[in-house]
Amino acid sequence: MATTLNLHDLSYIYEGASEPLFDGIDATMPQGWTALLGDNGCGKTTLARVIIGELTPTHGSVSPSPSTFVAAYCAQECVSEPDGLDELRDDWSPEAIALRDALGIGDDWPYRFATLSGGERKRLQVACALHGAPDLLVLDEPTNHVDADTRDAIAAAMRAYRGIGVLVSHDVELIDATCAQCLMFVRRHKDGRNRTVIERYAGGYTKARRTYALRRTESEDELKAAQRKQRTLEGARDARRAMMDAAAARKHSGHLIDRLDHDARNTHKWNEKQADKASAAAYRALGSRLEAARREADAIETDAKRYDGDILVDIAPSARRQVAHVESGILRFGDATAADGGIAVSELIADGGRWHVRTVAANSTNAGDRGIRVPSVSVGPRDHIGIDGANGTGKSTLVQALLRSVDDTLPTLSISQIPDTDAHARLLARLHGLDASDKARVLSMLVQLNDDPDRLMRGQDPSPGQAQKLALCIGLLGAPQLIVLDEPTNHLDLHSKQALARFLHGYRGALIVVSHERWFLDEVCGADA
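Per an unreviewed UniProt entry, the chain is named ABC transporter, and its organism is Bifidobacterium anseris.

Set out below in structure tokens:
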């Protein structure tokens, strides 16, 4: 296997699409890790699938051919058992044991995938991908669902990998810790249209964004200078036009020359004729220079315009004193019911709007014995509650118990961290089944969440990040007085996370959010939220 992967003039267009998802991509991926960066739906996952041979590019080539090496793809979602699960389960070599230990994989996890938390599933999924030691490995959002300690363990395992690695991620810390270069999908504006291009930046995310900002400033300054030049030439051309019009007016109004003084009249006509020729030549020259200046300005690539706004919804809080509650006791993992005895391996610490789940005992081998100890807690009609804690401590179990307590008549929107297998298809069907007014509202909200709805309207499958945003926007049509979001920033690009945080901060109803991103919880569940 070669130590470098080369992409030459790659393009990909979905059937029925009016323009390529991306085109003209040239890039080199050496041994080590390369990050693919960009907004949701820009084509990162599609490019990754082209690289490993799952999709055939519309144009261009991958060298060496994907058919000549072993490639593995670790998907964003962890709904189904990962490829290679049986091989990892049955391998007790020192290398496999070391990999399990590094990622904190329990011996029983491969046998009970369906009962694992999102973070536990993701750890097992990443372990299976690394265990196969492929020549080329694509990790697509490997730190979705995971806590800080697990992120560090995944980063360490990635650094030990010796093949060509491609990381699709919005996790700044992970990219900085593992990647030597970034390939950034950027929407650029040139010649009156937008197109997606890839730009290479050395280093991790932080260094790449600094370089990107410098390039953007340079291109904006270049465009402003070209536009100033264009305006100056437009002014000069308009002034020349005015001079020509004034000369024509003088010529046709007549000068006081004796009509019998033929020499004087002939001289006047000759002078006017020469002046007309000079003015016309100067005017044409200015026109040529102006046209060249316009072409120069049009040829400068700048960032396509973003539509960073706010989602505007008028939802009144519930009149109830509380919208959800849980009595004190131990909640069994898995079914969120009160346990008769059992082992509390974690406990809930509720402090105002920030609830933290912490580990208090070693896990029991019997999953049915494990649970989370909770005090008596309730959620008011305007409360914003942020829940954090390590993977496997019972955050989702707590959320299930809170939802179980909600009155059926309360308008509620709940979005889980792991969707059903056909959830994306149902979302698209709901979108296309809306009336014109509601559909326009949903599409407008999607735009404010940094998304381009055209792809969805063409019927193409949404990316996981687009599906997450679509579920929220459709759900808001029901004017929910309680919103429950379990790991809502999974799959979202940075701009989308910021837009979602702004909306949730201003939401006037009750809100319960589970997240490992502390800045996000601080923003949406702060004291003034």
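J.: How do you make sense of the pattern of salt bridges when you look at a structure like this?
T.: Once their charged atoms are close, side chains differing in charge can pair, the charge on each being opposite to the other. If you walk through the whole model with that rule in mind, you get 14 salt bridges. Ionic pairing is found between aspartate 108 and arginine 112, a salt bridge with its closest N-O pair at 2.7 Å. Looking at aspartate 108, the relative accessible area reads 29%, which means it is partly exposed. The salt bridge partner of glutamate 173 is arginine 151, with a shortest N-O separation of 3.7 Å. One end of the pair, glutamate 173, is in helix 6 (residues 172-178); the other, arginine 151, is in helix 5 (residues 148-160), with 22 residues separating them in the sequence. The class of glutamate 173 is exposed, set by a relative accessible area of 53%. Through salt bridges with shared partners, one network takes in Asp86, Arg89 and Asp90.

J.: Sorry if this is basic, but what is going on with the nonpolar core here?
T.: As a rule of thumb, soluble globular proteins bury nonpolar side chains together. Counting residues in hydrophobic clusters, the biggest one holds 40 residues, and the most contacted among them are Trp33, Leu103, Leu124, Leu137, Leu139, Leu167 and Ile175. With six residues, the top contributor of residues to this core is helix 4 (residues 118-131). Leaving out residues up to four positions away in the same chain, leucine 139 has contacts with Trp33, Cys74, Ala129, Met158, Val166, Leu167 and Val168.

J.: Explain the sheet that holds strand 15 (residues 370-374) to me, please; I cannot follow it from the model alone.
T.: Backbone hydrogen bonds hold the strands of a sheet together, and the pairing may be parallel or antiparallel. Read from one edge of the open sheet, eight strands run 12-15-13-14-17-20-19-18, paired in mixed fashion. This sheet does not close on itself; its edge strands, each paired only once, are strand 12 (329-332) and strand 18 (412-415). The sheet shows a mean angle of 20 degrees between the axes of neighbouring strands, taken without regard to direction. Bridging between strand 18 and strand 19 (residues 482-486) involves four bridges; their strand directions are parallel. In the sheet register, threonine 412 faces strand 19, and the bridge partner there is leucine 482. Running over the sheet, helix 13 (residues 464-476) touches strand 18 and strand 19 and is turned about 170 degrees from strand 18.

Criteria and cut-off values
- Residues numbered from 1 in each chain as written.
- Predicted model: local features only at pLDDT ≥ 70, side-chain atom pairs only at ≥ 80, totals over all residues.
- Heavy atoms only, no water.
- Salt bridge = Lys/Arg side-chain N within 4 Å of Asp/Glu carboxyl O.
- Buried < 20%, exposed > 50% of the residue type's maximum accessible area, 1.4 Å probe, protein only.
- Helix = DSSP H or I, 4+ residues; strand = E, 2+ residues; numbered from the N terminus.
- Core = buried A, V, L, I, M, F, W, Y, C linked by side-chain atoms within 4.5 Å.
- Contact = heavy atoms within 4.5 Å.
- Pairing = 2+ DSSP bridges.
- Axes fitted to C-alpha atoms, helices over the stretch in contact; angles between N-to-C directions.

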